[in-house]
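Here are the chains, one letter per residue:
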Amino acid sequence: MVSMKDIAQRCGVSVATVSKALNDHDDISQETRERIRSVAEEMGYLANSAARALKTNRTYNIGVLFVDEQNSGLAHEYFSAVLDSLRVEAEARGYDITFINRNVGGRHTTYLQHCLYRGVDGVVIACVDFHDPMVQELINSELPVVTIDHVFNNRIAVVSDNVAGMEALVRHAYELGHRRIALIHGEMTAVTQNRLTGFYRACEALGLEVPDEYIRQGVFHDPADCARLTQELLALDKRPSCILFPDDFSGIGGLSAIREGGLRVPEDISVMGYDGIKLTQMTRPRLTTYQQDTVALGKTAAAKLVELIEQPRTTIIDRILIPGRLLTGDTLLDLRKEV
């Protein structure tokens, strides 16, 4: 690895002069500073991260807390897209990413302890049980924190507009003549609560009655659970004309249950998803869904965290809503044509 001594020898100056040039001191000439930096870049010099941390009180390392209860990890298409966007933006701003867990060197730790051990400058919380005491400890710490899809009063939150997304889906189904719309939703998280608000708000505005049996609580990102609940809805005496799945990936299970029941989509039953993942846009029939803007979610979370780290006194603690868009596929029958 190239050292400051190597650069000094190449430039014919002292190590102290090289240090001053690389750290932008003004007691050496601009010409000398630029020459040393040019040689350092040419030789592939990288500053020691520990030394830089001592000088700047920053490690340029961002922690990411991502705990997926379904154990799909980075195969979770929605969150993997969000995290990739976050990574790209963080790296563009000069920061590395470290995933936070509860195990350091085989020793059990809290999330906060892991953050302190790794010396991260701040944390993005992307997917976790937000009521977990260890998450609460991290939220209430002095570390800069940005959350995705969950709001705390004292933290910046970057949130997909789930209320507007669900309203858009219900209104689209209504415009095509559907009046019996059922909803399978995920666990009772902030995301689910907002989607339920959007669903009921749209139904009320459109004058739609929603029988209690049309609302089923399931699990996000679980095709088997979605298949089971889809079968229950199909078995109703007055079954819905349209079923909203909790997410696109779970919807794969719902579509399978419909096929196994001898029914066709959309001829016999219409369905819609949520997320807009690539997989269900490539299958046939192409799923009608609401696409969340994963690029904007990740990029905004990284940008706001870096802003909070670097400008803590002037950064506003706020909730930032990220809009998505309706993707019209082939799984929603136009009932107006049936009249």
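Residues numbered from 1 in each chain as written. Predicted model: local features only at pLDDT ≥ 70, side-chain atom pairs only at ≥ 80, totals over all residues. Heavy atoms only, no water.

A. View of the overall build of the protein chain. The secondary structure content of the protein chain amounts to 13 helices and 14 strands. For a compact globule of 339 residues, the expected C-alpha radius of gyration is about 20 Å, and the protein chain comes in at 26 Å, more than 25% above that figure. With the C-alpha coordinates of the protein chain rotated into their principal frame, the extents come out at 85 × 40 × 40 Å. Every one of the 339 residues in the protein chain was classed for burial, and the buried ones make up 50%. In the protein chain, once contacts between residues fewer than 6 apart in sequence are set aside, the share between residues at least 24 apart is 68%. As presented, the protein chain carries roughly 17100 Å² of accessible surface, and 48% of it is formed by carbon and sulfur atoms. (Helix = DSSP H or I, 4+ residues; strand = E, 2+ residues; numbered from the N terminus. Rg over C-alpha atoms; globule rule 2.2 N^0.38 Å. Buried < 20%, exposed > 50% of the residue type's maximum accessible area, 1.4 Å probe, protein only. Contact = heavy atoms within 4.5 Å. Areas by Shrake-Rupley, 256 points an atom, 1.4 Å probe, with all protein chains shown as cover.)

B. Quick look at the pairing of strand S8 (residues 181–185). Of all 5 residues in S8, 5 are buried; the element is thus mostly enclosed. Here S8 shows no split at all, with Ile181, Leu183 and His185 on one side and Ala182 and Ile184 on the other all buried. Where S8 and strand S10 (residues 242–244) come together, 3 bridges link them in parallel fashion. Note on S10: the bridge partner recorded for alanine 182 is isoleucine 243. Judged from the 3 bridges that link them, S8 and strand S9 (residues 215–217) form a sheet pairing that is parallel. Following the sheet pairing, leucine 183 is matched in S9 by isoleucine 215. In this view, the connection linking S8 to its parallel neighbour S9 by way of helix H9 (residues 190–206) has right-handed handedness. (Pairing = 2+ DSSP bridges. Right-handed = clockwise from strand over helix to strand, strands pointing away.)

C. Here's a closer look at the sheet that holds strand S11 (residues 270–272). In spatial order, the strands read S9-S8-S10-S11; together these 4 strands make up an open sheet with parallel pairing. Across the chains shown, the open sheet's two edge strands, defined by having one partner strand only, are S9 and S11. Strand-to-strand twist across the sheet, computed as the mean angle between neighbouring axes with direction ignored, equals 15°. Relative to S11, S10 runs parallel, the two being bridged by 3 bridges. Bridge pairing in S11 places isoleucine 243 opposite valine 271. Against the sheet, H9 touches S8, S9 and S10, its axis set at about 175° to S8. (Axes fitted to C-alpha atoms, helices over the stretch in contact; angles between N-to-C directions.)

D. The pattern of salt bridges, seen in detail. In this structure the tally under the stated criterion is 14 salt bridges. The shortest N-O distance in the salt bridge between aspartate 27 and lysine 20 comes to 3.0 Å. For lysine 20, a relative accessible area of 28% gives the class partly exposed. Among the ionic pairs, arginine 336 bridges to aspartate 334, the shortest N-O distance being 2.9 Å. Beyond isolated ion pairs, a larger network of salt bridges with shared partners links Arg216, Asp225, Arg228 and Glu232. (Salt bridge = Lys/Arg side-chain N within 4 Å of Asp/Glu carboxyl O.)

E. Focus on the environment of alanine 303. Considering the arrangement of structural elements, one finds alanine 303 in helix H13 (residues 294–310). The exposure class assigned to alanine 303 is buried, which follows from its relative accessible area of 15%. Between the alpha carbons of alanine 303 and leucine 86 there is a distance of 8.4 Å; along the sequence they are 217 residues apart. If we ignore the near neighbours within four places in the chain, the residues touching alanine 303 are Glu89 and Arg93.

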